[in-house]
Amino acid sequence: MSRIGKLPVAVPAGVKVTVNGTCVLVEGPKGKLTQDCSELVTVEVKDNEVVVSPKANANKGEAKAANAAQGLYRQLINNMVIGVSAGYTKVLMINGVGYRAEVQGKMIVMNLGYSSDFVAVIPEGLTVTVEGQNKMTIAGIDKQLVGEFAAEIRKLRKPEPYKGKGIKYETETIRRKVGKSGVK
């Protein structure tokens, strides 16, 4: 059995989990999410807990895949429960002279030192707020969607090691280099 997969997922008050065959539906105060599960695992709801277990009748080759799928789907269901109850946020910091971002309706307009501005469309289900001009907060209930959109924004201008200019996560530390004048 998977070490992560054998742990039950605790369901907080206000969150409802229903299983229809291989489809898991999680509803909470922030919204609802669905996940299709593999045929290699069974998902059961028992006393405010969700238990994911591998299929018992799998042969040796399928047993290893079933154990891996157990850990995967347990974590995906846990992420859905946390998302509909608390939500997920990623904070990006924009560093550089003249670098800025602003939200205009369902789009983000960013000036990142290039000759033209970048315009990114905010995906459905996400909210983006910009504090000042250099701190961008991306929030939503789907962990994968929040992380993927934050990575796409960061990829537009990765932080460089000499002056630290670019877009970085708030918790990320950039290892700085000395440059040419420091070598003799």
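This one's a predicted model, so the numbers in the text were calculated from it and none came from an experiment.

Attention now moves to helix H1 (residues 60-85). Taking 1.5 Å of rise per residue, 26 residues should cover 38 Å, and H1 covers 38 Å from first to last C-alpha, within 8% of that figure. The first or second residue beyond H1 is Gly87, which carries a positive phi of 90 degrees.

With that settled, the discussion passes to the packing of aromatic side chains. For the structure on display, the rule yields 1 aromatic pair. Lys90 extends its terminal NZ or CZ atom over the ring of Tyr169, reaching a point 5.3 Å from the ring centre. For the cation-ring pair, Arg157 lies above Tyr114, with the distance from its terminal atom to the ring centre recorded as 4.3 Å.

Further remarks concern the pairing of strand E10 (residues 118-121). Bridge analysis of strand E9 (residues 107-111) against E10 gives 4 bridges, and the strand direction is antiparallel. The residue of E10 that forms the bridge with Val109 is Val119.

The rules behind the values
Residues numbered from 1 in each chain as written. Predicted model: local features only at pLDDT ≥ 70, side-chain atom pairs only at ≥ 80, totals over all residues. Heavy atoms only, no water. Helix = DSSP H or I, 4+ residues; strand = E, 2+ residues; numbered from the N terminus. Expected span 1.5 Å × (residues − 1). Phe/Tyr/Trp six-rings, centres within 6.5 Å; stacked < 30°, edge-to-face > 60°. Lys NZ or Arg CZ within 6 Å of the ring centre and 35° of its normal. Pairing = 2+ DSSP bridges.

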